[in-house]
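# An overview of the molecular structure
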Protein chains: 2
Amino acid sequence: MNSKVRIVLVNTSHPGNIGGAARAMKNMGLDRLYLVSPKVFPSDEAVSRASGAIDLLKNAVVVNSLEEAIADCQLVIGTSARERHIPWPLVDPRQAADLVYKENLETAFVFGREDRGLTNEELQRCHYHVHIPSVETFSSLNLAAAVQVLSYELRMKSLLSVNEQPVQTKWDVPAASAEQVDYMLEHLEKVMLLTEFLDPNTPRQVMTRFRRLFQRAQLDQHEIGMLRGVLTSVEKMK
Amino acid sequence: MNSKVRIVLVNTSHPGNIGGAARAMKNMGLDRLYLVSPKVFPSDEAVSRASGAIDLLKNAVVVNSLEEAIADCQLVIGTSARERHIPWPLVDPRQAADLVYKENLETAFVFGREDRGLTNEELQRCHYHVHIPSVETFSSLNLAAAVQVLSYELRMKSLLSVNEQPVQTKWDVPAASAEQVDYMLEHLEKVMLLTEFLDPNTPRQVMTRFRRLFQRAQLDQHEIGMLRGVLTSVEKMK
């Protein structure tokens, strides 16, 4: 799926940003980089900032115009910082990723110049504009950071489409049963009476709060064992 | 809301990354930057990469330890690249942003060194680990890019939740700070040595598991008081 997505950088000034973009892409499972008339390329700074994503730089397709970079694309999405005079279909990065997955077309994400973004003419070549929702008073993202955000959303979408949980904690020990938690709480109560922390005539608020605490924590069986071990060690002191 | 979120960078080597992180934060409406023993700071390179987010650099809080940076935090989320020996509650960036908005606590996002991330001990001070779902074969994001992704998810969450009031459980007692949890754990360790549950020569696995348990439970201040009361009652038995 991601092999249908290319990242197109137009007229990039700083080669470090090309390297940073390549790294961000590779981190997120993208590998097709197109460069439209980059100011400096190839460059050592790009290699350094790519931090291992050298293959993307080596295989980057360098062309002279946006038209060439997107010629075979069926879906073109251009990053846009500001409201346009003529409103255009506008999506946020998450909606853009949804679109890509829904349409399953040969897709280009187009990123403009560091200082001026894409021209109106370039933006008009795009089916959609995507806007990263920065704050109005400080709205311009670093180019590689913008590539990171869009690539991340594509990655999240691809993982969420496979199964609903992109990241899972595999716990090392089975969860405790309600009964095991009950026994531990009874043990705790017994020890708190022994140490005279609990007054047998007191209202039972304390035990209610301990129950809430330990149920909330969703104890595993090893933790139950540790807690009961500590309680037993207190009993043995007497 | 975002005024409750701080970004903590631990032992950053490259000042450019500090600048890039500041820019990413400001783009996304965050402004509280904490630096734990940065290698080079202040620096011209940080200023240059911050590209206007100079105020964040100027107001950055520089401290000597992670403990200081998170002392008053109630929710600490650390970035983690790999599976840990003892599994920890793990979320993806979107789930992390959900958590922040649901809990509405004084929150720290902690980012580790460029080459080695956070140490196990640092990760154990976190309630949750967050993993940016990079591809396994090329998993290490640039530091500023990682800050960008998390800040972006917080921003998206804040925009999406304008119209949807998050369901909130109103807790009856304020959440405990990281420092209060630390003191309670120190007290627990002392008592476990007293009762001889802990062997002073043993590896520290037990304390790590207790830390994980009690951080996961997100203790409130009353619960801290109860736990310490029980511990004190054990000390008085002898």
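Just so we're clear, the structure is a prediction, and the values are computed from it rather than from any experiment. (Residues numbered from 1 in each chain as written. Chains lettered and ligands numbered in written order. Predicted model: local features only at pLDDT ≥ 70, side-chain atom pairs only at ≥ 80, totals over all residues. Heavy atoms only, no water.)

## What about the packing of helix 8 (residues 178-194) of chain A against helix 9 (residues 205-216) of chain A?
Residues and elements named next belong to chain A. Where helix 8 meets helix 9, the closest approach of the two axes is 11 Å, and the angle between their N-to-C directions is 140°. Taken together, the axis directions place helix 8 and helix 9 in an arrangement best described as oblique. Handedness of the crossing formed by helix 8 with helix 9: right-handed. Along the contact surface, helix 8 presents V181, D182, M184, L185, L188, E189 and M192, while helix 9 presents V206, M207, F210, R211, F214 and Q215. For the contact of helix 8 with helix 9, the class distribution of residues is nine nonpolar, one polar and three charged. (Axes fitted to C-alpha atoms, helices over the stretch in contact; angles between N-to-C directions. Helix = DSSP H or I, 4+ residues; strand = E, 2+ residues; numbered from the N terminus. Parallel < 35°, antiparallel > 145°, perpendicular 65-115°, else oblique. Left-handed = near helix turned anticlockwise from the far one by under 90°. Contact = heavy atoms within 4.5 Å. Nonpolar A, V, L, I, M, F, W, Y, C, P; charged D, E, K, R; others polar.)

## Focus on the sheet that holds strand 2 (residues 33-36) of chain B
Sheet strands line up and pair through hydrogen bonds in the backbone, either parallel or antiparallel. All names here are of chain B. The seven strands lie next to each other as 3-2-1-6-4-7-5, forming an open sheet whose pairing is parallel. This sheet does not close on itself; its edge strands, each paired only once, are strand 3 (61-63) and strand 5 (90-91). With four bridges joining them, strand 4 (residues 75-79) and strand 6 (residues 107-111) adopt parallel strand pairing. Bridge pairing in strand 6 places L75 opposite T107. Contacting strand 1 (5-10) and strand 2, helix 1 (residues 15-27) crosses the sheet at an angle of about 160° to strand 2. Packed on one face of the sheet, helix 7 (residues 143-160) meets strand 1, strand 6 and strand 7 (128-130) and runs near 155° to strand 6. (Pairing = 2+ DSSP bridges.)

## Description of helix 1 (residues 15-27) of chain A
In an α-helix, one turn spans 3.6 residues; hence positions three or four apart end up facing the same way. All names here are of chain A. Relative to the 18 Å expected for 13 residues at 1.5 Å per residue, helix 1 spans 19 Å between its end C-alpha atoms, a close match to the ideal helical length. Three or more residues of helix 1 are buried, namely P15, G16, N17, I18, G19, G20, A21, A22, R23, A24, M25 and N27. Those residues of helix 1 that are buried are in contact with strand 1 (5-10), strand 2 (33-36), helix 2 (44-50), helix 3 (54-58) and helix 7 (143-162). Looking one or two places after helix 1, you find G29, whose phi comes out positive at around 85°. (Expected span 1.5 Å × (residues − 1). Buried < 20%, exposed > 50% of the residue type's maximum accessible area, 1.4 Å probe, protein only.)

## Concerning the pattern of salt bridges
Residues and elements named next belong to chain A. Within this structure, the stated rule accounts for 30 salt bridges over all chains. The partner of D72 in a salt bridge is R6, with the nearest N and O atoms 2.8 Å apart. Taken together, the positions of D72 in the loop between helix 4 (66-70) and strand 4 (75-79) and R6 in strand 1 put the pair 66 residues apart, joining distant regions of the chain. For R6, a relative accessible area of 0% corresponds to the buried category. Several salt bridges share partner residues, and in doing so they unite R6, R32, D72 and E106 into one network. (Salt bridge = Lys/Arg side-chain N within 4 Å of Asp/Glu carboxyl O.)

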